[in-house]
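# Architecture at a glance
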Amino acid sequence: MLNLVLFGAPGSGKGTQSKKLIEKYQLIHLSTGDLLRSEIAQGTELGLEAKKLMDMGQLVPDAVVNGMISNKLDANKSAKGFIFDGFPRTVAQAEALDQLLKSKGSSISVMVKLNVDDEELMHRLLLRGKDSGRPDDANPEVIKKRLHEYHSKTEIVGDFYKDQNKLKNINGIGDVEDVFAALSGVIDSL
Ligand code: ADP
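Only a predicted model underlies this, so the values are computations on that prediction, with no experimental measurement involved.

What follows is about helix α4 (residues 62-75). Residues spaced three or four apart along an α-helix face the same direction, because each turn holds 3.6 residues. The end-to-end C-alpha separation of α4 is 20 Å, in line with the 20 Å expected for 14 residues at 1.5 Å each. What α4 keeps buried is the set Val65, Asn66, Met68, Ile69, Ser70 and Leu73.

Shown next as structure tokens:
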């Protein structure tokens, strides 16, 4: 199995690159952000709880996202592999994911980190907010909070994979196609 963690700050291009990766490598895309937004759209209790935190730019509890990922892994038993997008976002989530995959006789193949500076991220997210309809993209204060959450809780997840020799850094600034070429290069070298 090819299990890829696509890592990077909000706005770093994970969603854009995921779309291209799914096509090229036939992997199942698991985005916790998308899964949460789908719960919100369906008006579930989980969605209602998550929305409060998401609209403030805060992370939702580890147990919630771990549970969603566990369900999706069970629902896709014959998959060739997965792209994890926006997950894991805390070290506790990374540990839970390792355990989940281990229990299925699998593991993470590689984490690819898209590096983009905060100034560019803020610019991209405000631009996206103009037509994405996402309340968390519309407000600069909420974006700042999300970037703060990323730097304080999520960025260290990179070290978790670095310690396992699984972290690859690529430049997330520039042409979408150039970023995709770099990303594909990492996958093809596995
Ligand atoms: P982005 O990476 O562009 O900020 P996402 O769509 O990945 O957006 O996530 C949107 C929001 O959903 C996050 O700000 C957070 O509140 C919540 N969220 C998504 N994934 C996780 C996760 N793995 N752990 C905790 N909260 C999450």
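Axis angle and axis distance: for two packed helices, these are the angle between their axes and the distance between the axes, and together they describe the pair. It is the contact of helix α1 (residues 14-25) with helix α10 (residues 176-188), at a shortest axis distance of 10 Å, that shows an interaxial angle of 50°. In terms of orientation, α1 and α10 fall into the oblique class. As for how α1 packs across α10, the hand of that crossing is right-handed. For the pair α1 and α10, contact is made by Thr16, Gln17, Lys20, Leu21, Lys24 and Tyr25 and by Val176, Glu177, Val179, Phe180, Leu183, Ser184, Ile187 and Asp188, respectively.

Let us now look at the pairing of strand β4 (residues 110-115). Across the six residues that make up β4, a large majority, five, are buried. In the sheet, strand β1 (residues 2-7) pairs with β4 via four bridges, with the strands oriented parallel. By the bridge assignment for β4, Phe7 is matched with Lys113. Examined bridge by bridge, β4 and strand β5 (residues 167-171) share five bridges and lie parallel to one another. By the bridge assignment, Leu114 is partnered in β5 with Ile170.

So, on to the packing of aromatic side chains. For any pair of aromatic rings, the description rests on two quantities: the centre-to-centre distance and the angle between the ring planes. Tallied over the entire structure, the rule returns four aromatic pairs. Aromatic side chains Phe82 and Phe84 sit 5.9 Å apart centroid to centroid with 35° between the ring planes, which places their arrangement in the tilted category. Ring centres 6.4 Å apart and planes at 45° place the aromatic pair Phe84 and Phe87 in the tilted group. Classification of Phe84 by relative accessible area gives buried; the value is 0%. Taking relative accessible area as the criterion, Phe87 reaches 2% and is therefore assigned buried. Chaining the aromatic ring pairs together yields one cluster made of Phe82, Phe84 and Phe87. Lying over the aromatic face of Phe180, Lys20 brings its terminal NZ or CZ to 5.1 Å of the ring centre.

All chains considered together, the criterion is met by 15 salt bridges. In this structure, Asp34 and Arg37 form a salt bridge, with 2.9 Å as the shortest nitrogen-oxygen distance. Placement of the pair is Asp34 and Arg37 together in helix α2 (residues 32-41), with a separation of three residues, close to one helical turn. Across the pair Glu155 and Lys113 runs a salt bridge whose closest N-O atoms are separated by 3.5 Å. Residue Glu155 is located in the loop between α8 (140-154) and α9 (157-162), and its partner Lys113 is located in strand β4; the two are separated by 42 residues in the primary sequence. What makes Glu155 partly exposed here is its relative accessible area of 29%. A relative accessible area of 13% places Lys113 in the buried class. Linked by salt bridges that have partners in common, Arg128, Arg134, Asp136, Asp137 and Arg146 make up one network.

Strand order in the open sheet made by the five strands is β2-β3-β1-β4-β5, with parallel pairing throughout. Pairing within the sheet leaves two strands with one partner each, and these edge strands are β2 (28-31) and β5. Strand-to-strand twist of the sheet, defined as the mean angle between neighbouring strand axes without regard to direction, takes the value 20°. Pairing of β1 with strand β3 (residues 81-85), which is carried by five bridges, proceeds in the parallel orientation. Among the inter-strand pairings, Asn3 is bridged to a residue of β3, identified as Phe82. Against the sheet, α10 touches β1, β4 and β5, its axis set at about 160° to β5.

Cut-offs used in this document
Residues numbered from 1 in each chain as written. Predicted model: local features only at pLDDT ≥ 70, side-chain atom pairs only at ≥ 80, totals over all residues. Heavy atoms only, no water. Helix = DSSP H or I, 4+ residues; strand = E, 2+ residues; numbered from the N terminus. Expected span 1.5 Å × (residues − 1). Buried < 20%, exposed > 50% of the residue type's maximum accessible area, 1.4 Å probe, protein only. Axes fitted to C-alpha atoms, helices over the stretch in contact; angles between N-to-C directions. Parallel < 35°, antiparallel > 145°, perpendicular 65-115°, else oblique. Left-handed = near helix turned anticlockwise from the far one by under 90°. Contact = heavy atoms within 4.5 Å. Pairing = 2+ DSSP bridges. Phe/Tyr/Trp six-rings, centres within 6.5 Å; stacked < 30°, edge-to-face > 60°. Lys NZ or Arg CZ within 6 Å of the ring centre and 35° of its normal. Salt bridge = Lys/Arg side-chain N within 4 Å of Asp/Glu carboxyl O.

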